[in-house]
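# Commentary on secondary and tertiary structure
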Amino acid sequence: MNDFPIEQIRKDFPILDQLVYGKPLAYLDNGATTQKPLRMIEAVNRLHREQNASVHRSVSFLSDKITQAYEEARTTVQKFIGASKSLQIIFTSGTTGSINLVAFSFGEGILEPGDEIIISTMEHHSNIVPWQMVCERHGARLRIIPITDEGDLDLDAYQNLFSDRTRMVAVTHVSNVLGTINPVKEIVQIAHSHRVPILLDGAQGVQHEPVNVVDLDCDFYVFSGHKIYGPTGIGILYGKEEWLERLPPYQGGGDMIDRVTFEKTTYNGLPFKFEAGTTNFIGAIGLAESLNYLTGIGLDKIIRYEHELRDYATQKLSGIKQLRMYGTSAEKAAIFSFVLEGIHPFDTGMIIDKFGVAVRTGTHCTMPLMQRFGIEGTVRASLCLYNTTDEIDRLHDALNSVIDLMA
Ligand code: PLP
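For clarity, every value in this text was computed on a predicted model and none was experimentally measured.

Every residue lining the ligand is accounted for by Thr 95, Thr 96, His 124, Ser 126, Thr 172, Asn 176, Asp 201, Ala 203, Gln 204, Ser 224, His 226 and Lys 227. Here a nitrogen atom of the ligand and a side-chain polar atom of Asp 201 are 2.6 Å apart. A distance of 2.6 Å separates an oxygen atom of the ligand from a polar side-chain atom of Lys 227. Within the complex, the protein chains bury 87% of what would otherwise be the 400 Å² of accessible surface of the ligand.

Below you can see the structure in the form of structure tokens.
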């Protein structure tokens, strides 16, 4: 893609410019966490040096300034995902924090013994375990959408899982292992045709696909700051206003209250009802800085570039005969999970690291998905906006070296 300013973009991420074991770093573990643009790093530094004060709690000049920046950050997130009101954006600690919030509150407010929650085989543990815990507490049970060998959700089976006890669907937007981009709009429509709300796990979706929550019509959309070039420890829960109003608070503490007496507490309005205690306000403002950085480049350009990387990598890796790819959906992000025949993924990862190529190995927090494919783990290369075809060539060559070494 000739008009994509890749050289400038790589300069924006200072960590990329380093040697690992004497080789230039090829960071291909972006599904785990992404690197940070200088603009965000400097903004967070500046906030700590010049603007730090408590949000929503004080009348001081600094507190007023940081509170304003925090609420502007909320509006930035709102616009980024196309939400209609900023009060629908709750700052959490990450995707995990957001799903636990919804699962807990949904359990307390809605679930009854015998109720059912639908999730899928390809979910991250973060979108399995909170629902499982809530099911155990309330006598409900999970129903699981199966997947095909290519790594697509079986939508016919999904349709058949609904019953008059189904209370919630929770499905990932993009699989962190298979790379499958799920047809989330259709999945939402099916849930709604059964009058069931749906949560979309956007941890791997929001940075690789255009997201407009109004168009998707999902009831909840969640994601993590650190996977979209923002700081760690900040995440987003988007919810439809009627659901956020209806669900009880998750945690109690400062800021989420309206009035407290020893007899009774009444709660604050949205979004503060779900933001107990001092939030990660600097993280929230840092996240907004990263989102503005992406908007500045143009999300459509980024997506087009990433699709080109995906096609290049698909073609290149298919040339390695001993490589078995997991996740071959026609709709796929630039995420590649594979095993080299007869070689443990851990060994593959360790060896290619010595060539400067950083990937992830293991179960990727998706043990049930590994069980579905009858494997113990994979090597995963996950690409993003600052990766290059040269880095894909280096991955390819390093894998061939592994094969030679282990032969
Ligand atoms: N969901 C998916 C699809 C993920 O890939 C991840 C992280 O890898 C998570 C949830 C959990 O994200 P976090 O650890 O940032 O809360």
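What follows deals with the sheet that holds strand E13 (residues 323-326). Spatial ordering of the open sheet is given by E13-E14-E17-E16, a layout of 4 strands whose pairing is antiparallel. Sheet topology places E13 and strand E16 (360-362) at the edges, where each strand pairs with a single neighbour. Between one strand axis and the next, the sheet turns by 30 degrees as a mean value, whatever way the strands run. Where E16 meets strand E17 (residues 378-382), 3 bridges bridge the pair, whose relative direction is antiparallel.

Before going further, it helps to spend a moment on the packing of helix H12 (residues 345-353) against helix H14 (residues 389-406). At a minimum axis distance of 9 Å, the contact between H12 and H14 shows a crossing angle of 120 degrees. Here H14 runs oblique to H12, going by the angle between their axes. At the point where H12 passes H14, the crossing takes the right-handed sense. The segment H12 lies against H14, with Asp 347, Thr 348, Ile 351 and Ile 352 engaging Leu 395, Ala 398, Leu 399, Val 402, Leu 405 and Met 406. Of the residues in the contact of H12 with H14, the class split is 8 nonpolar, 1 polar and 1 charged.

Evaluated as defined, the whole model comprises 12 aromatic pairs. Ring plane angle 65 degrees and centroid distance 5.8 Å describe the contact between Phe 13 and Tyr 229, whose orientation is recorded as edge-to-face. Linking Phe 13 in the loop between helix H1 (6-12) and strand E1 (19-20) with Tyr 229 in the loop between strand E9 (220-224) and strand E10 (235-239), this pair joins segments that are 216 residues apart in sequence. Judged on exposure class, the residue Phe 13 and its partner Tyr 229 are both buried. Taken together, a centroid distance of 6.3 Å and an interplanar angle of 50 degrees make the contact between Phe 220 and Trp 243 tilted. Within this pair, whereas Phe 220 is found in strand E9, its partner Trp 243 is found in helix H9 (residues 241-246), the two being separated by 23 residues in sequence. With respect to burial, Phe 220 and Trp 243 carry one shared label: buried. Three or more aromatic residues link up through ring pairs in this structure, and these residues are Phe 13, Tyr 229, Tyr 293 and Tyr 386. The positively charged end of Arg 372 is found above the aromatic ring belonging to Phe 373, 4.9 Å away from the centroid.

We now examine the nonpolar core. The biggest cluster of nonpolar side chains holds 104 residues, and the ones touching the most others in it are Ile 81, Tyr 158, Tyr 221 and Leu 385. In terms of residue count, helix H10 (residues 281-297) provides more of this core than any other element does, 10 residues in total. A domain-level breakdown of this core finds at least three residues from each of domain 1 (6-30 + 298-406) and domain 2 (41-295). Excluding residues within four positions of it along the chain, Leu 385 makes contact with Phe 4, Ile 6, Ile 9, Phe 13, Tyr 229, Tyr 293, Leu 294, Ile 297, Ile 302, Tyr 305 and Glu 306. Counting 26 residues, the second-largest nonpolar core is a separate cluster that includes Ile 99, Val 102, Trp 131 and Leu 237.

Looking at the secondary structure, you find Glu 306 in helix H11 (residues 299-317). Despite its burial, Glu 306 pairs with no opposite charge, the nearest such side chain being Arg 310 at 8.9 Å. Within the local environment of Glu 306, its side chain forms a polar contact with the side chain of His 208, the two groups lying 2.7 Å apart. Once residues lying within four places of it in the same chain are set aside, the contact partners of Glu 306 are Gln 207, His 208, Tyr 229, Ala 334, Cys 384 and Leu 385.

Our next topic: the domain arrangement of the chain. Segmenting the chain into domains produces domain 1 (6-30 + 298-406) and domain 2 (41-295). Just the C-alpha atoms count here: the centres of domain 1 and domain 2 sit 28 Å apart. Around 2,700 Å² of area is buried between domain 1 and domain 2 when both sides are counted, 59% of it from carbon and sulfur atoms. In this structure, the connection of domain 1 to domain 2 is made through 1 salt bridge.

Along the chain, Ser 224 turns up in strand E9. Ser 224 sits in the buried class, given a relative accessible area of 5%. A polar contact is formed between the side chain of Ser 224 and the side chain of Thr 95, at a distance of 2.5 Å. Once residues within four sequence positions are removed from consideration, Ser 224 is found in contact with Gly 94, Thr 95, Ile 234 and Gly 235.

Definitions and limits used
- Residues numbered from 1 in each chain as written.
- Predicted model: local features only at pLDDT ≥ 70, side-chain atom pairs only at ≥ 80, totals over all residues.
- Heavy atoms only, no water.
- Near = heavy atom within 4 Å.
- Polar contact = N/O pair within 3.5 Å; in protein donor to acceptor, adjacent residues only side chain to side chain.
- Areas by Shrake-Rupley, 256 points an atom, 1.4 Å probe, with all protein chains shown as cover.
- Pairing = 2+ DSSP bridges.
- Helix = DSSP H or I, 4+ residues; strand = E, 2+ residues; numbered from the N terminus.
- Axes fitted to C-alpha atoms, helices over the stretch in contact; angles between N-to-C directions.
- Parallel < 35°, antiparallel > 145°, perpendicular 65-115°, else oblique.
- Left-handed = near helix turned anticlockwise from the far one by under 90°.
- Contact = heavy atoms within 4.5 Å.
- Nonpolar A, V, L, I, M, F, W, Y, C, P; charged D, E, K, R; others polar.
- Phe/Tyr/Trp six-rings, centres within 6.5 Å; stacked < 30°, edge-to-face > 60°.
- Buried < 20%, exposed > 50% of the residue type's maximum accessible area, 1.4 Å probe, protein only.
- Lys NZ or Arg CZ within 6 Å of the ring centre and 35° of its normal.
- Core = buried A, V, L, I, M, F, W, Y, C linked by side-chain atoms within 4.5 Å.
- Domains from an automatic or database assignment.
- Lys, Arg positive; Asp, Glu negative; His and termini not counted.
- Salt bridge = Lys/Arg side-chain N within 4 Å of Asp/Glu carboxyl O.
- Buried area = accessible area lost by both parts, 1.4 Å probe.

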